[in-house]
Amino acid sequence: MMHNLLIVDDREENIFSLKNMLEGESRTFFTALSGNDALKIAFKEELSLILMDVQMPEMDGFETVEILKSNPRTSKIPVIFVTAINKDTKYVIKGLEDGAIDYLFKPLDIEITRAKVATILLLISQQKELEAKNSELNRLNEEKNYLLGMAAHDLRNPLGNILILSDFIIDESADILSDTQRGFINMIKQSSTYMMGLINNILDVSKIESGKLEIKAKPVDLVSIIDNNLMLNIHLAEKKKIRLDKELCSDNLMIRADPQYIEQVLNNLISNAVKFSLSDTKIIVRLETNEDCATISVIDQGPGIPDNELGKLFKFFSRTSVTTTAGEHSTGLGLAISRKIVEAHNGEIKVESTKGVGSTFSFTLPV
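Quick caveat, the model's predicted, so the values are computed rather than measured.

Enquirer: What is the right way to look at the overall build of the protein in this model?
Expert: For the protein, the helix and strand inventory stands at nine helices and 12 strands. For 367 residues, the compact-globule estimate of 2.2 N^0.38 gives 21 Å, and the C-alpha radius of gyration of the protein, at 32 Å, exceeds that figure by more than 25%. Across its three principal directions, the C-alpha atoms of the protein cover 100 × 45 × 40 Å. For the protein, the residues scored as buried account for 41% of the 367 residues in total. Look at the contacts in the protein between residues 6 or more apart in sequence, and 68% of them connect residues 24 or more apart. Of note, the protein has its 41 positive side-chain charges centred 3 Å away from the centre of its 53 negative side-chain charges.

Enquirer: Just to check I follow, could you spell out the nonpolar core for this structure?
Expert: One recurring pattern in soluble globular proteins: nonpolar side chains tend to sit buried together. In terms of nonpolar packing, the biggest core is built from 51 residues, with Leu-222 and Phe-363 touching the most fellow members. Looking at which element gives the most residues to this core, the answer is helix α8 (residues 259-275), with eight residues. Leaving out residues up to four positions away in the same chain, Phe-363 has contacts with Ile-262, Val-265, Leu-266, Leu-269, Ala-294, Thr-295, Ile-296, Val-342, Glu-348 and Ile-349. Among the nonpolar cores identified, the runner-up in size contains 22 residues, and Val-54, Val-92, Ala-100 and Tyr-103 belong to it.

Enquirer: Explain the sheet that holds strand β2 (residues 27-32) to me, please; I cannot follow it from the model alone.
Expert: Spatially, β2-β1-β3-β4-β5 is the arrangement adopted by the five strands of the open sheet, whose pairing is parallel. Two strands lie at the open edges of the sheet, namely β2 and β5 (102-105), each paired on one side alone. Here the strands of the sheet are splayed against their neighbours by 20° on average, with no regard to which way each runs. With four bridges connecting them, strand β4 (residues 79-83) and β5 associate as parallel partners. Counted as the bridge partner of Ile-80 is Asp-102 from β5. Together, β1 (3-8), β2 and β3 (49-53) form the strand contacts of helix α1 (residues 12-22), whose direction differs from that of β2 by roughly 170°. Helix-sheet contacts for helix α3 (residues 61-70) involve β3, β4 and β5, and the interaxial angle to β3 is about 150°.

Enquirer: Where do I start with the side chain of Thr-295 in this structure?
Expert: Tracing the backbone shows Thr-295 in strand β10 (residues 293-299). Residue class for Thr-295 comes out buried when judged on its relative accessible area of 18%.

Enquirer: Could you clarify how one ought to interpret a nonpolar patch on the surface in this entry?
Expert: Together, Tyr-146, Leu-147 and Met-150 make up a nonpolar patch on the protein surface, roughly 340 Å² of accessible area in all. In this fold, Tyr-146 is placed in helix α5 (residues 110-172).

Enquirer: It is not clear to me how the side chain of Ser-166 should be interpreted in this structure. Could you clarify?
Expert: Mapped onto the secondary structure, Ser-166 falls in helix α5. In this structure Ser-166 comes out as buried when scored by relative accessible area, which is 4%. For Ser-166, the residues in contact, after removing those within four places along its chain, are Ile-185, Ile-188 and Lys-189.

What counts, and where the lines are drawn
Residues numbered from 1 in each chain as written. Predicted model: local features only at pLDDT ≥ 70, side-chain atom pairs only at ≥ 80, totals over all residues. Heavy atoms only, no water. Helix = DSSP H or I, 4+ residues; strand = E, 2+ residues; numbered from the N terminus. Rg over C-alpha atoms; globule rule 2.2 N^0.38 Å. Buried < 20%, exposed > 50% of the residue type's maximum accessible area, 1.4 Å probe, protein only. Contact = heavy atoms within 4.5 Å. Lys, Arg positive; Asp, Glu negative; His and termini not counted. Charge placed at Lys NZ, Arg CZ, Asp CG, Glu CD. Core = buried A, V, L, I, M, F, W, Y, C linked by side-chain atoms within 4.5 Å. Pairing = 2+ DSSP bridges. Axes fitted to C-alpha atoms, helices over the stretch in contact; angles between N-to-C directions. Patch = residues over 30% accessible without salt bridge, like charges linked within 9 Å, V, L, I, M, F, W, Y side chains within 5 Å. Areas by Shrake-Rupley, 256 points an atom, 1.4 Å probe, with all protein chains shown as cover. Salt bridge = Lys/Arg side-chain N within 4 Å of Asp/Glu carboxyl O.

What follows is the structure in structure tokens.
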């Protein structure tokens, strides 16, 4: 990597000496006899490092660096102060506070000077390489999100048709289908429903990672959302002989939120509780409030989650060793998506779990 160095000193012999000391491959030098000349060069050229004399007439090194650091174009250029007289601690501290990264004291030690400059230029090269790699990773990530979104969007329509047609066959042909045929159609419907959920989750992930998760907040009643979700999950719970109960602090509680997304979070927590609970157990959905926030908790009597696996729960495509109790599918995306949705509402989601006793997933929303 080619490095441009600027040497600033009001004495040409000092510039000549320092330049000869530092000359090497992949280094180009600019020189300035004053702070004003240094600023003109810095604003025009792409500099890797500035070696700045402190004592100069008209504008000293401290003043020059203050101007450099106040301008976005030059604020990140590393500066080493070179001085013969300002060696007191207070001057060194002032220089570092003004934005210099190091000091060199005259008379210059050749080996120390070369070593400091070489180390700084190496770090700059490594930083540039890292920035380039990060930029490429960001580009690839954007492409991945775009392709995921396109693929999921294109798959959703044919899957929706499969779901509609399987429902139609079940409703219209119930009398002429054999038990085996009805079983096959139900398998098609269940698999398509799972795939539709997975595709919707992938679309949500694509929105979240590309920064396009749009929250449309409006006044909503949390109690109504809870009641709706309990109705949505009551059939699944009854099939497993699980009781769904609610403990609500109020008959209604209005907050500003995006109802669609809050429904999604709550549905994910309740359906997960049903999936991971055994028969003849109970799930409680609890609503509590204080002056600042509302807290919705989903409390199950499932197997619990090992302490060392709790950190996996809210990460994309991450799963714990705990399995569903009736072979239900889980994508490993729902909780991670829920966390992003809750955080987008300036809320917080968390879990408390005791192995063999059960888990409590709760999220708070500002009132």
